[in-house]
Amino acid sequence: MNTIIKSAKSSDITSQSALLVIDVQNDFCPGGTLAVAGGDEVVAEINKISGYFSTVVLTQDWHPQGHHSFASSYADAAPFSSAELAYGSQTLWPDHCIQGSYGATFHPDLNTDCASLVIRKGMNASVDSYSGFTEADRQTTTGLAAWLQARNITSVYCVGLATDFCVGWTALDASAAGLKTTVITSACRAIDMGGSLAAMREAWDKAGVMEIDQIAVTE
Ligand code: VGL
Ligand code: ZN
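Attention here is on the structure that accompanies the text. (Residues numbered from 1 in each chain as written. Chains lettered and ligands numbered in written order. Predicted model: local features only at pLDDT ≥ 70, side-chain atom pairs only at ≥ 80, totals over all residues. Heavy atoms only, no water.)

Here we come to the overall build of the protein. Secondary structure assignment for the protein yields 4 helices and 10 strands. Across the protein, helices and strands are ordered from the amino to the carboxyl terminus as β-β-α-β-β-β-β-α-β-α-β-α-β-β. Over its C-alpha atoms the protein spans a radius of gyration of 17 Å, differing by no more than 12% from the 17 Å that the globule rule assigns to 219 residues. Projected onto the principal axes, the alpha-carbon positions of the protein cover approximately 60 × 40 × 35 Å. Out of the 219 residues belonging to the protein, those deemed buried represent 49%. The contacts in the protein between residues at least 6 apart in sequence include a share of 76% that link residues at least 24 apart. Accessible surface, the protein as shown: approximately 10,100 Å² in total, 50% of it carbon and sulfur. (Helix = DSSP H or I, 4+ residues; strand = E, 2+ residues; numbered from the N terminus. Rg over C-alpha atoms; globule rule 2.2 N^0.38 Å. Buried < 20%, exposed > 50% of the residue type's maximum accessible area, 1.4 Å probe, protein only. Contact = heavy atoms within 4.5 Å. Areas by Shrake-Rupley, 256 points an atom, 1.4 Å probe, with all protein chains shown as cover.)

Right, dumping it as structure tokens:
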């Protein structure tokens, strides 16, 4: 099978483009409590392209102990099962990204110096937030859409962890906020449980979120 590499050119990136770097944290990398296969491989990919962007935003999953998305918060729930919470079905995860822990800090090799903004999310014990824009109650915003709008950003490129959860929901919300939204797959890795990656790609398709493999350098 021929592989078609879809790329955007680095010259397509303008002062009105932002790079959204989602949850590149130790707990989502090998050795972490919610490790994504190859999660650490996104670091070099992201560092290669962050310099093309005048606006870089990092998100950081930042949960209090006993967060309601943790299986350990329930008497007999297994990680990766699900529960009905006030806002709907919630996947229950191993404890991860606890505020102030090593697991919650960014991968040590990620270039964070280029970031203008760090959005922390998932801080409300009873509401999860996969998206960097809006929490799982689908009401509470982080302010990111307004921040991007105030800076005249019209297009965003999404990278990081995990493709089918936090990157995925961030991209859907970016598109809903009227931003031209592209996911760069070489700089993302997925959890892929129960068809979650295929479901997310279908949702992107319906929402007009574009997928490319990489940013190609142009002179
Ligand atoms: C994430 C599950 C739970 C993610 C965060 O960053 O994709 N996934 N919390
Ligand atoms: Zn989380």
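Moving on from the model shown.
Those protein atoms acting as donors to the zinc ion (ligand 2) are Asp61 (OD), His63 (NE2) and His96 (NE2), and they sit at 2.0 to 2.2 Å. Binding-site remark: the zinc ion (ligand 2) is held by donors from one chain whose sequence spacing is D-x1-H-x32-H. This pair shows no difference in class: Asp61 is buried, exactly as His63 is. (Donors = N, O, S within 2.8 Å, 3.2 Å for Na, K, Ca; no water.)

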